[in-house]
Amino acid sequence: MIEQKLLLVDDQPANLVSLEAVLEEDGRTLLKAESGQDALKILLKEDIALVLLDVQMPGMDGFEVAELMRQRKDTQTIPIIFVTAISKEKKYVFKGYQAGAVDYLFKPLDPLILKSKVNFFLQLDRQRRELQAKLKEAQAHRAAYEAEKRNRGGQG
């Protein structure tokens, strides 16, 4: 089984504990960050499958983190689910999607909905990783075949 890493970003430690309680499962590593800067540091070091990102944070808000993620080749395709308590206005939701969100959840979070959405994106991540592994394997077989063909060609 592929170990998947989720990054939970919220400036309120209690919210991180709540997310962790709902999302903790075998095969998952939950990494936590209490600021946008901490989140970006983790993203540079770890292979993250999904980010749950609070919108309202001091310093760098969730929108800024998402925009910076979308600018980097190695983080631009990581799905982001925005989690917010106050930004229910359409303009903020739209801004979230513009910044690269794949979904937007409002606090208080419904644990069933949260689990369902997270499971969906983790399933997509597993499928992507399996496809990448198969592609790599196929490329290795082809390279071996091409090398064998060249070696036989040189003997004739």
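What comes next is a walk through the structure.

Rules of the game
- Residues numbered from 1 in each chain as written.
- Predicted model: local features only at pLDDT ≥ 70, side-chain atom pairs only at ≥ 80, totals over all residues.
- Heavy atoms only, no water.
- Helix = DSSP H or I, 4+ residues; strand = E, 2+ residues; numbered from the N terminus.
- Polar contact = N/O pair within 3.5 Å; in protein donor to acceptor, adjacent residues only side chain to side chain.
- Contact = heavy atoms within 4.5 Å.
- 1 Å grid on protein atoms, 1.4 Å probe; cavity = no way out; pocket = protein on both sides within 12 Å on 5 of 7 lines; lining within 4 Å.
- Points joined across faces, edges and corners; volume = space filled by probe spheres on them.
- Nonpolar A, V, L, I, M, F, W, Y, C, P; charged D, E, K, R; others polar.
- Pairing = 2+ DSSP bridges.
- Axes fitted to C-alpha atoms, helices over the stretch in contact; angles between N-to-C directions.
- Buried < 20%, exposed > 50% of the residue type's maximum accessible area, 1.4 Å probe, protein only.
- Arc of directions from axis to C-beta.
- Phe/Tyr/Trp six-rings, centres within 6.5 Å; stacked < 30°, edge-to-face > 60°.

## Quick word on the side chain of Ser35
So, point 1. Relative to the helices and strands, Ser35 is located in the loop between β2 (28-33) and α2 (36-45).
So, point 2. A distance of 3.0 Å separates a polar side-chain atom of Ser35 from the backbone nitrogen of Asp38.
So, point 3. Once residues lying within four places of it in the same chain are set aside, the contact partners of Ser35 are Val9 and Met57.

## Some points on the layout of surface pockets
So, point 1. There is about 350 Å³ of room inside the largest pocket.
So, point 2. What lines the largest pocket is a set of 18 residues, and nearest its centre among them are Ile48, Thr77, Ile78, Asp125 and Arg128.
So, point 3. Secondary-structure elements contributing two or more residues to the lining of the largest pocket are α2, β3 (48-54) and α5 (111-155).
So, point 4. Tallying contributions element by element places α5 first for the lining of the largest pocket, with six residues.
So, point 5. Partitioning the lining of the largest pocket into residue classes produces eight nonpolar, three polar and seven charged.
So, point 6. If you trace the second largest pocket, you find it lined by Asp10, Asn15, Ser18, Leu19, Val22, Val83, Lys107, Pro108, Leu109, Pro111 and Leu114.

## Overview of the sheet that holds β3
So, point 1. Taken together, five strands build an open sheet; the order of strands is β2-β1-β3-β4-β5 and the sheet is parallel. At either margin of the open sheet sits one strand with a lone partner, and together these are β2 and β5 (103-106). Each adjacent strand pair in this sheet contributes to an overall mean axis angle of 20°, direction not counted.
So, point 2. Of the pairings in the sheet, the one linking strand β1 (residues 4-9) to β2 comprises six bridges and is parallel in character. Within β2, the residue paired with Leu7 across the bridge is Leu31.
So, point 3. Strands β3, β4 (80-84) and β5 of the sheet are contacted by helix α3 (residues 62-71), whose axis makes an angle of about 175° with β4.

## A look at α2
So, point 1. Buried within α2 are the following residues: Gly36, Ala39, Leu40, Ile42 and Leu43. Down the axis of α2, the buried set is contained in an arc of 160°. They therefore lie on one face. Across from the buried face of α2, at angles greater than 90 degrees, the exposed residues are Leu44 and Lys45.
So, point 2. Looking at the buried side of α2, the elements it contacts are β1, β2, β3 and α3.

## As for the packing of aromatic side chains
So, point 1. A full pass over the atoms with the stated rule returns five aromatic pairs.
So, point 2. With centroids separated by 6.2 Å and ring planes inclined at 50°, the aromatic side chains of Tyr97 and Tyr104 adopt a geometry described as tilted.
So, point 3. Judged by its relative accessible area of 39%, Tyr97 is partly exposed.
So, point 4. Arranged with centres 5.2 Å apart and planes meeting at 80°, the rings of Phe120 and Phe121 form a pair that is edge-to-face.
So, point 5. In this structure Phe120 comes out as partly exposed when scored by relative accessible area, which is 48%.
So, point 6. Accessibility expressed as a relative area gives 12% for Phe121, which makes it buried.

## Remarks on the environment of Leu44
So, point 1. Inspection of the secondary structure puts Leu44 in helix α2.
So, point 2. Exposure remark for Leu44: the relative accessible area of 53% places this residue in the exposed category.
So, point 3. Between the alpha carbons of Leu44 and Gln132 there is a distance of 21 Å; along the sequence they are 88 residues apart.

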